[in-house]
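Below are the chains, spelled out letter by letter.
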Amino acid sequence: MNTRPLVIAVSLVLAACGSTETARNAAPADAPAPRQEAAAQEFAAPEVATAQDSAAAAPAPARAKQAEAQMLYRPAIMPAPQPYPVIEERERYAAIDESAVKVVAEAPVSTFAIDVDTGAYANVRRLLNQGRLPPADAVRVEELVNYFPYDYPAVANGRPFAVHTEIAPAPWGTDKHLLRIGIKAQEIQRQALPPANLVFLVDVSGSMHSRDKLPLLQASLKLLARQLRAQDTVALVTYAGQSGVVLPPTRDRAALLAAIDQLQAGGSTAGESGIRLAYATARQAYVAGGINRVLLATDGDFNVGVADVDTLKQLVARERASGVSLTTLGFGTGNYHEALMEQLADVGNGSYHYIDTLNEGHKVLVEEMTSTLATVARDVKIQIEFNPAEVAEYRLIGYENRALRREDFDNDKVDAGDVGAGHTVTALYELTLAGGAGRVAPLRYARPAAAGNSKGELAHLRLRYQPPAGGASRLLEIPLQKRQVRPSFAAASDDFRFASAVAGFGQLLRGGRYVDDLDYAAVRRIAAGARGADPFGYRAQFEQLVTLADTLTPATAAPRDE
C-alpha cells in the first residue's frame, strides 16, 4: 500500500498544530477561522512545537491546506466521563389520608360524591413505564378503577343513569366481601349532542418546551378539532408571561388547526390570568342549552400571579356559576402539578385527565368525546346506610377527597361530581358481615348491635342528582338484600373481578395496608381471568403494568436466623 499521502498529511497536521500563534498574527483573509485555530491549540501536543518555523514560512495557500488537513485527520479525543444529570423532581400531589375501617354500630352511614376522573391511572402508567414506582399520593384508587369501561346494562326508566350493585367475597383478607356500586350514564351519539362552545386554554410557557408537553398537546387537541361539527364554536386562548386570545370564537376548523400548529413555548406561566380570560371568552360565545366548556391543557406549573391551589379553586368555583365548566388535561413530567389539575376539575364541574401518549389523547378526546364534553347529571352523591344486624364493618375504597358530611347529601348547595354521557362510574366497599373476623377490636362497653328495621337487608343505597340544566335534586333509593351475596369470588361477574383486581393493585401501590395476603402475582391472575371483551386492549395493558410494578418493587428481605 502507498503510504506516502498519509505521511504527508500527518506532517501537515503536526506542522499546523505548532504554528497557531504565528498564523494568528500574520494570517490573511482566507486563513482558518479563529474557532478552528482554537481547536488546534486545544489538541496541540508539546513535541510538535519545533514545526513552527517551517509552518510560518509556508505560503498562505499551504497554511490553508494545513488547517484543512488538521480538521480532517485530527485524532478523536474521548471526553472525560460525566455524571448523569440530576433531574430536579418537582411533581406535586395532594396528600391522601386513606379511608379507615368503620364500625357499623358506631357510624352506619357513608356519604361521598362520585368521581369520573381517570388522570391518576394514566399518570401511574407513565411513572411505571419510566421505571419508577409512583408516590403513594399519586395513586387514587377510584381513578384507577374508573379508567376502564364496564359492561353495565343500559339505562332504564327514563333516568339519566342506571344503578347496578353486586356483592361477593373479596380476593383478600378473612371474611371480607366487596360491594360494587356501578353507574351507567345514558349514551348520546356525537351528532345528537347540543351545540358546543369550547375554549382551548393552552399553556405555552417555557416549561412546556418538551416533546411530551406542547407537541403532544398540539397533536391531541387537533384530534378533537377534527371531531367538531359545523354548529360547534371553538376559541384558542394561550398564556405564558401574559395571556391572550390567539383565535376568537370560530367555526372555521382549518383556522383552528393552523392556530394550534403555530403555538410555540417560551416565557413564564401566568395561569391565573389565562383562566380568567378563557372564562370571559367562553361567556362571549355562550350557548344557552348547549355545551359551554373550557379545556385547560398544561403541566400546572404556574409561577406568575396567583398560584395557590385554594385561591385558584375559589376562582373556578365562582366562574362555574356562569354555566361554563372546566376540564383539565395534564401533560409532562418533572414539574407536573397534579394536585392542581385534579382539584380544579373537581370544583369546575369537569373531569381531569392526564395525557401521556397520543393514544391517551385519542381515548379522552375522540373515543370518549361525548363523556368528556356532555353532562347528563350534575352533583351526583351516594349515601349508603348499613344494617348493623347484618354488617359489622365497612371501608370505602378510594374517594378520600370526595367524602361528604352526612347532612351534605340533602343539601343541593353542596357541589359534587358530574356524570358525562356514556360514563361508567364504579365504587367499591369492603365489608365484614356480622359474625365475621373484623379488623377493629370490639369495645368493652359497647351495646350489642340492634336489628335493622328491614329483615334480610344488608344496606340501603341512596343516590341524589340534579338535571344538567339545574333545579331541585332527585332521589333514587335501592335496598341491598342479603340474598344478593354471591357464594364465591369465582361466581362474580368478569367486571366485578376485574375491578377488584384494579382496586387491589392500587392499594398495593399505596402500601397494601388492608389487602392482607394479596400480591401482584394474584392481581395479575385475577385480571387475566376476568379480562373479558377488551376491544381497545386497556385490560391487557393493565396486566403489563402489574408485571412492571412487581418487578420494580423491592423484594422483602427474608428473616435472618439467630
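Our subject is the structure that appears above.
As the structure is a prediction and not an experimental result, all values here were calculated from the model.

Peer 1: I keep staring at the overall build of the protein chain and nothing clicks. Help me out?
Peer 2: For the protein chain, the count of helices and strands is 17 helices and 16 strands. Accessible surface, the protein chain: about 26,000 Å² in total, of which carbon and sulfur atoms supply 52%.

Peer 1: Before we go on, may I ask you to explain the pairing of strand E5 (residues 196–203) in this structure?
Peer 2: Summarising burial for E5: eight of the eight residues are buried, a large majority. Burial along E5 is two-sided: Ala196, Leu198, Phe200 and Val202 and Asn197, Val199, Leu201 and Asp203, pointing in opposite directions, are all buried. Note that E5 and strand E8 (residues 291–298) share seven bridges and pair parallel. Its bridge partner lying in E8, alanine 196 is registered against isoleucine 291. Pairing of E5 with strand E6 (residues 233–239), which is carried by seven bridges, proceeds in the parallel orientation. Residue pairing for E6: leucine 201 is matched across the bridge by valine 237.

Peer 1: In this structure, what is going on with helix H11 (residues 309–320)? I would like to understand it.
Peer 2: Each α-helix turn comprises 3.6 residues. Residues three or four places apart therefore point the same way. Here H11 is twelve residues long and its end C-alpha atoms lie 16 Å apart, about the 16 Å a rise of 1.5 Å per residue gives. Turning to H11, its buried residues are Val309, Leu312, Leu315, Val316 and Glu319. In a view along the axis of H11, the buried residues occupy a sector of 120°, so they form one face of it. Buried residues in H11 make contact with helix H10 (271–284), strand E9 (325–330) and helix H12 (338–347).

Peer 1: How do you make sense of the pattern of salt bridges when you look at a structure like this?
Peer 2: A side chain with one charge may pair with a side chain of the opposite charge, provided their charged atoms come close. Tallying each qualifying case throughout the model produces 29 salt bridges. Note that glutamate 360 is salt-bridged to arginine 125, the shortest N-O span being 3.0 Å. Here glutamate 360 is found in helix H13 (residues 358–367), whereas its partner arginine 125 is found in helix H6 (residues 119–129), with 235 residues between them in sequence. Comparing glutamate 360 with arginine 125 shows no difference in burial state: the two are buried. Notably, a salt bridge pairs aspartate 418 with arginine 378, separated by 3.0 Å at the nearest N-O pair. With aspartate 418 in strand E13 (residues 417–420) and arginine 378 in strand E11 (residues 375–386), the pair connects residues that are 40 residues apart, well separated along the chain. Across the pair, exposure class does not vary: aspartate 418 and arginine 378 are buried alike. What you see here is one network of salt bridges that share partners, running through Arg395, Glu430, Arg439 and Asp516.

Peer 1: Explanation requested: the sheet that holds E6 in the structure shown.
Peer 2: Read across the sheet, six strands follow the order E7-E6-E5-E8-E9-E10 without closing on themselves; strand pairing throughout is mixed. In the strand order of this sheet, the two ends are held by strand E7 (243–250) and strand E10 (352–354), each with one partner. Averaged over all adjacent pairs, the angle separating strand axes in this sheet is 15°, with direction ignored. Alignment of E8 against E9, held across six bridges, turns out to be parallel. Of the residues in E9, the one forming a bridge with alanine 297 is leucine 329.

Peer 1: I tried to follow the sheet that holds strand E14 (residues 424–433) on my own but got confused; where do I start?
Peer 2: The strands making up a sheet associate through hydrogen bonds between their backbones, and the pairing can be parallel or antiparallel. Strand order in the open sheet formed by five strands is E1-E12-E14-E4-E3, and the pairing between neighbours is antiparallel. In this open sheet, the two strands that pair with only one neighbour each are strand E1 (102–103) and strand E3 (161–169). With nine bridges connecting them, E3 and strand E4 (residues 177–185) associate as antiparallel partners. Note on E4: the bridge partner recorded for histidine 164 is glycine 182.

Peer 1: When you look at empty space enclosed by the protein in this model, what are you seeing that I'm missing?
Peer 2: Take a probe with the size of a water molecule and roll it over the atoms, and the empty space left behind shows itself. Scanning all chains against the criterion turns up six cavities of 30 Å³ or more. Its boundaries defined by the atoms lining it, the second largest cavity holds a volume of some 70 Å³. Along its surface, the second largest cavity is lined by 14 residues, and Arg293, Ser371, Thr375, Asp418 and Gly420 are the ones closest to its centre. When residues of the lining of the second largest cavity are traced back to their parent elements, those giving at least two are helix H14 (369–373) and E13.

Peer 1: What exactly am I supposed to notice about the nonpolar core here?
Peer 2: Across soluble globular proteins, nonpolar side chains show a tendency to be buried alongside one another. Membership of the largest hydrophobic core comes to 69 residues, with the highest contact counts inside it found for Phe161, Phe200, Phe386 and Tyr429. Other than its neighbours up to four places away in sequence, phenylalanine 161 contacts Val155, Ile183, Lys184, Ala185, Gln186, Ala377, Val380, Leu463, Tyr465 and Leu476. With 42 residues, the next largest nonpolar core counts Leu144, Tyr150, Val502 and Leu508 among its residues.

Peer 1: Where do I start with the packing of aromatic side chains in this structure?
Peer 2: Between two aromatic rings, the relevant description is the distance of the centres plus the angle of the planes. Counting across every chain of the model gives 19 aromatic pairs. One aromatic cluster is present, built from ring pairs that chain together Tyr121, Tyr147, Phe148, Phe498, Phe505, Tyr520, Phe536, Tyr538 and Phe542. The side chain of lysine 363 reaches across the aromatic face of tyrosine 147, ending 4.0 Å from its centre. Across from the ring centre of tyrosine 538, 5.4 Å away, lies the NZ or CZ of lysine 363, which sits over that ring.

Peer 1: Before we go on, may I ask you to explain the packing of H11 against H12 in this structure?
Peer 2: To describe two helices that pack against each other, one gives the angle between their axes and the distance between the axes. In the contact formed by H11 and H12, the axes pass within 8 Å of each other and the chain directions differ by 25°. Looking at the two axes, H11 sits roughly parallel to H12. Here H11 and H12 pass one another in a crossing that is right-handed. Contacts between H11 and H12 involve Val309, Leu312, Lys313, Val316, Ala317 and Arg320 from the first element and Leu340, Gln343, Leu344 and Val347 from the second. Its residues placed into classes, the contact of H11 with H12 shows seven nonpolar, one polar and two charged.

Peer 1: Looking at this structure, I do not really get the pairing of E9. What am I missing?
Peer 2: Strand residues, when the strand is regular, have side chains that alternate between the two faces of the sheet. In terms of burial, E9 is a largely internal element, six of the six residues being buried. Neither face of E9 is exposed, since Ser325, Thr327 and Leu329 on one face and Leu326, Thr328 and Gly330 on the opposite face are all buried. Alignment of E9 against E10, held across three bridges, turns out to be parallel. Paired with glycine 330 across the bridge in E10 is tyrosine 354. After leaving E9, the chain enters H12 and then returns to the sheet as E10, a path that is right-handed.

Peer 1: Explain the side chain of glutamate 142 to me, please; I cannot follow it from the model alone.
Peer 2: In this fold, glutamate 142 is placed in helix H7 (residues 141–146). Buried charge without a salt bridge: glutamate 142, with arginine 140 as the nearest opposite-charge side chain at an N-O distance of 4.7 Å. The residues contacting glutamate 142, other than those within four sequence positions of it, are Asp115, Gly398, Tyr399, Glu400 and Asn401.

Definitions and limits used
- Residues numbered from 1 in each chain as written.
- Predicted model: local features only at pLDDT ≥ 70, side-chain atom pairs only at ≥ 80, totals over all residues.
- Heavy atoms only, no water.
- Helix = DSSP H or I, 4+ residues; strand = E, 2+ residues; numbered from the N terminus.
- Areas by Shrake-Rupley, 256 points an atom, 1.4 Å probe, with all protein chains shown as cover.
- Buried < 20%, exposed > 50% of the residue type's maximum accessible area, 1.4 Å probe, protein only.
- Pairing = 2+ DSSP bridges.
- Expected span 1.5 Å × (residues − 1).
- Arc of directions from axis to C-beta.
- Contact = heavy atoms within 4.5 Å.
- Salt bridge = Lys/Arg side-chain N within 4 Å of Asp/Glu carboxyl O.
- Axes fitted to C-alpha atoms, helices over the stretch in contact; angles between N-to-C directions.
- 1 Å grid on protein atoms, 1.4 Å probe; cavity = no way out; pocket = protein on both sides within 12 Å on 5 of 7 lines; lining within 4 Å.
- Points joined across faces, edges and corners; volume = space filled by probe spheres on them.
- Core = buried A, V, L, I, M, F, W, Y, C linked by side-chain atoms within 4.5 Å.
- Phe/Tyr/Trp six-rings, centres within 6.5 Å; stacked < 30°, edge-to-face > 60°.
- Lys NZ or Arg CZ within 6 Å of the ring centre and 35° of its normal.
- Parallel < 35°, antiparallel > 145°, perpendicular 65-115°, else oblique.
- Left-handed = near helix turned anticlockwise from the far one by under 90°.
- Nonpolar A, V, L, I, M, F, W, Y, C, P; charged D, E, K, R; others polar.
- Right-handed = clockwise from strand over helix to strand, strands pointing away.
- Lys, Arg positive; Asp, Glu negative; His and termini not counted.

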